[in-house]
Every structure is written in C-alpha cells, then in structure tokens.
Amino acid sequence: MSAFVQALGDSAVVARRNLIRIKRVPDLLVFATLQPIMFVLLFSYVFGGSIDIPGMAYEEFLMAGIFAQTVIFGSTTTGSGLAEDMQKGVIDRFRSLPMARSAVLAGRTASDLVSNGISVVVMSLTGLLVGWRVHSSPLEALAGFALLLLFAYAMSWVMALVGLMVRTPEVFNNASFMAIFPLTFIANTFVQEGNLPGPLKVFAQWNPVSAVTQAARVLFGNTNPMFPPPDAWPLQHPVLATLGWVALILAVFVPLATRQYRRAVSR
C-alpha cells in the first residue's frame, strides 16, 4: 500500500512538472487550442456546404468527429514529450531520483489529459458559435465528454510506447501522423461510413475512432432517428464498444509502455 501511495505521489509530481512547463511556455497551449478551432471552422464552412447529412445540420454531425480527432491528436503530446525527454536526458535525471518508475508515464499521461480537456472546452465553445447544439441532458453530455477524454487517455499510452521506441521527437511526429490520419479519416468522423466503398466501409465500422465518435453523437443527442440502424455491432452499441476498446488498449499498452520505459532507462 505504501508503494502505491508513493507511486501516486510521484506521478502527481511529474504531472505538475509537465503542467508548469505549459505555464512557462504558453505557446504550447496556444497552438494546442488553435488547432481544434481551425478544424471546426475549416470543416464547417469549407466542407459543410458540400456534404449533405439528411435530416440534420452538418455541424451537429461534424462536432463529434472533430472532438474524436482532436483528442487523438492531443494524445500525441505524450509520445512527443517522452521522446524529447529521452533526447535531452531528462529521463536519466528521473532515474537518479528515488521515485517509482511508473510515475514518469502515469504523470505524463495525466498532465496531457488536462491539456486535452482544455482543448475540448475551447472546441465546444467554437462549435456553439458555428451552430452546434447539444440535444441531450446535461448528464448525458458530461458522459460524452468523459468518454472522449477516457479514450484520449488510453491513446496516450499507445503514443507513450511509440515515443519511447523512437530516437527523436521529429521521428515520432512523422510516425504518429502517418498512423493517425487514416485512422481518423477512414471512419464516421466526417462522413457517414455507409458512403465508403466496401473494404473501407468495413474498416470504418470496426474502427475504434468510429465507435467513440458514434458514442459522442448519441450522448450529445446529435443523431437522426430517420437514419437506418448501423450494420456493425460497435456502432449499434457505441458506448459499450468504446469502453471495451479503452479497456483493451490500456490492458495491452500500459504494460508494453512500462516495459519499454524500463528498457529505455537501462540503456
């Protein structure tokens, strides 16, 4: 029990260190919030007139997808930060301190969850300005935001593993973006998955990004009852599917990232 309490305290110290860094380098927070604003405005005004969603405004269909894409991009901060810490020798300094080894990863993912939360707030305000509205209860809306952030936290552990495996932040950025773009675009984020051709449609239906996007739409009340029911189980039960994906990702990548961290600090 004492070891757990120590690890929790060490994680809080690391998280505080990362949050203080944002305060000292406010550009990090500025650009992290400008990106979701840009995505909302770009897709709403540039593509909104070209993409027809029968029975509902495109802004209401769009926002859940933008939320999902933004929190996934926000999770890359974990991997990029760890790669930078490895490059600058910060991890070696942590290793010399009497602290739990798990604290570095737990603290990093926790602080990036806070950053993602700020981005979600900014994006929500921007969405309201362009016409997005929540048609569910406040409790359901809060559950939608919580589910998005929970998924983002799980993805942070994936990015942590990648960040510890590469040598530089530049390599991490290239590798992560190559994976994230198809994952977020071959989904129901910006268009209905039924409009995609055969193999891409199947991929989109079972894509975890589609599940969390659909879950957010359901919890925000941004669905159209006139739509035909989805064919795939994850989109028929999106909240349950998202929770399953989160549990699976954490069960796989928390041990892998922790083991990779031990290997990295022992080099």
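Just so we're clear, the structure is a prediction, and the values are computed from it rather than from any experiment.

(A) Broad picture of the nonpolar core. Formed by 41 residues in total, the largest nonpolar core has its most connected members in Ile66, Phe67 and Phe220. When residues of this core are traced back to their parent elements, those giving at least two are helix H2 (27–47), helix H3 (58–88), helix H5 (102–130), helix H6 (138–165), helix H7 (169–185), helix H9 (208–220) and helix H11 (238–265). Ranked by the residues each element gives to this core, the list is headed by H3, at 12 residues. Leaving out residues up to four positions away in the same chain, phenylalanine 67 has contacts with Val120, Met123, Ser124, Trp132, Phe145, Leu148 and Phe220.

(B) Inspection of the packing of H3 against H9 at higher detail. Remark: H3 packs on H9, axes separated minimally by 9 Å, with the N-to-C direction vectors making an angle of 130°. Looking at the two axes, H3 sits oblique to H9. Our pair here, H3 against H9, has a crossing hand that is right-handed. Along the contact surface, H3 presents Phe61, Ala64, Gly65, Phe67, Ala68 and Ile72, while H9 presents Val209, Val212, Thr213, Ala216, Arg217 and Phe220. Tallied by class, residues from the contact of H3 with H9 come to 9 nonpolar, 2 polar and 1 charged.

(C) Structural detail: the environment of phenylalanine 177. For phenylalanine 177, the position within the fold is in helix H7. Sequence spacing of phenylalanine 177 and threonine 76 is 101 residues, and the spatial spacing of their C-alpha atoms is 8.7 Å.

(D) Geometry of the layout of surface pockets. Here the second largest pocket defines a volume of roughly 490 Å³. With 3 residues, the top contributor of residues to the lining of the second largest pocket is H9. Of the residues in the lining of the second largest pocket, the class split is 11 nonpolar, 10 polar and 4 charged.

(E) The arrangement of H3 in detail. The end-to-end C-alpha separation of H3 is 45 Å, in line with the 45 Å expected for 31 residues at 1.5 Å each. Counting buried positions along H3 yields 27 of 31 residues, so the element is predominantly enclosed. Backbone geometry just downstream of H3 places glycine 89 in the positive-phi region, at approximately 85°.

(F) Highlighting the pattern of salt bridges. By the definition in use, this model includes 2 salt bridges. Ionic pairing is found between arginine 108 and aspartate 112, a salt bridge with its closest N-O pair at 3.4 Å. Pair noted here: arginine 108 and aspartate 112 are both in helix H5, with a separation of 4 residues, about one helical turn. A relative accessible area of 4% places aspartate 112 in the buried class.

(G) Geometry of the side chain of arginine 217. By the element assignment, arginine 217 lies in helix H9. It is glutamate 193 that comes nearest to the buried, bridge-free arginine 217 among opposite-charge side chains, at 6.1 Å. Beyond its immediate chain neighbours, meaning those up to four positions away, arginine 217 contacts Phe61, Ala64, Gly65, Asn188, Thr189, Asn222 and Thr223.

(H) How the structure looks around the environment of phenylalanine 43. Counting through the fold element by element, phenylalanine 43 comes out in helix H2. Considered as a pair, phenylalanine 43 and tyrosine 58 are 15 residues apart in the sequence and their alpha carbons are 9.4 Å apart. The contacts of phenylalanine 43, once residues within four sequence positions are left out, are Gly48, Tyr58, Leu62, Ile66, Phe185 and Phe190.

What counts as what
Residue positions are counted from 1 within each chain, in the order its sequence is given. The predicted nature of this model means local features are confined to residues of pLDDT at least 70 and side-chain atom pairs, given and counted, to a pLDDT of 80 or more, with totals for whole chains, interfaces and linings taken over all residues. To obtain the side-chain values, all non-hydrogen atoms of the structure were used and water was disregarded. As used in this record, nonpolar core signifies buried Ala, Val, Leu, Ile, Met, Phe, Trp, Tyr and Cys residues forming a set joined through side-chain atoms within 4.5 Å. Using a 1.4 Å probe on the protein chains alone, a residue whose accessible area is under 20% of its type maximum counts as buried, one over 50% counts as exposed, and one in between counts as partly exposed. The way it works is that DSSP assigns letters per residue, a run of H or I at least four long becomes a helix, a run of E at least two long becomes a strand, and they are numbered from the N terminus. Contact between two residues is taken to exist if any of their heavy atoms lie within 4.5 Å; hydrogens are not considered. Axis lines are fitted to C-alpha atoms, over the contacting stretch for helices. Their N-to-C directions set the angle, which ranges from 0 to 180 degrees. Should an angle lie under 35 degrees it is considered roughly parallel, over 145 roughly antiparallel, and from 65 to 115 roughly perpendicular; all remaining angles are considered oblique. Here a crossing is called left-handed whenever its near helix is offset anticlockwise from the far helix by less than a right angle, and right-handed whenever the offset is clockwise. When residues are grouped by polarity, Ala, Val, Leu, Ile, Met, Phe, Trp, Tyr, Cys and Pro land in nonpolar, Asp, Glu, Lys and Arg in charged, and all others, Gly among them, in polar. A pocket, in this scheme, is an open set of points on a 1 Å grid over the protein atoms alone with protein on both sides within 12 Å along at least 5 of 7 lines, while a cavity is a set where a 1.4 Å probe fits but cannot get out; residues line either one if an atom lies within 4 Å of a point. Grid points are joined across faces, edges and corners, and a volume is the space filled by probe spheres set on the points. To estimate the expected span of a helix, count its residues, drop one, and scale the result by 1.5 Å. The rule for a salt bridge is simple: a side-chain nitrogen of Lys or Arg has to be within 4 Å of a carboxyl oxygen of Asp or Glu. All tallies of charge rest on Lys and Arg as positive and Asp and Glu as negative; His and the ends of each chain are not included.

Everything listed here is a matter of geometry and, on its own, says nothing about what the molecule does.
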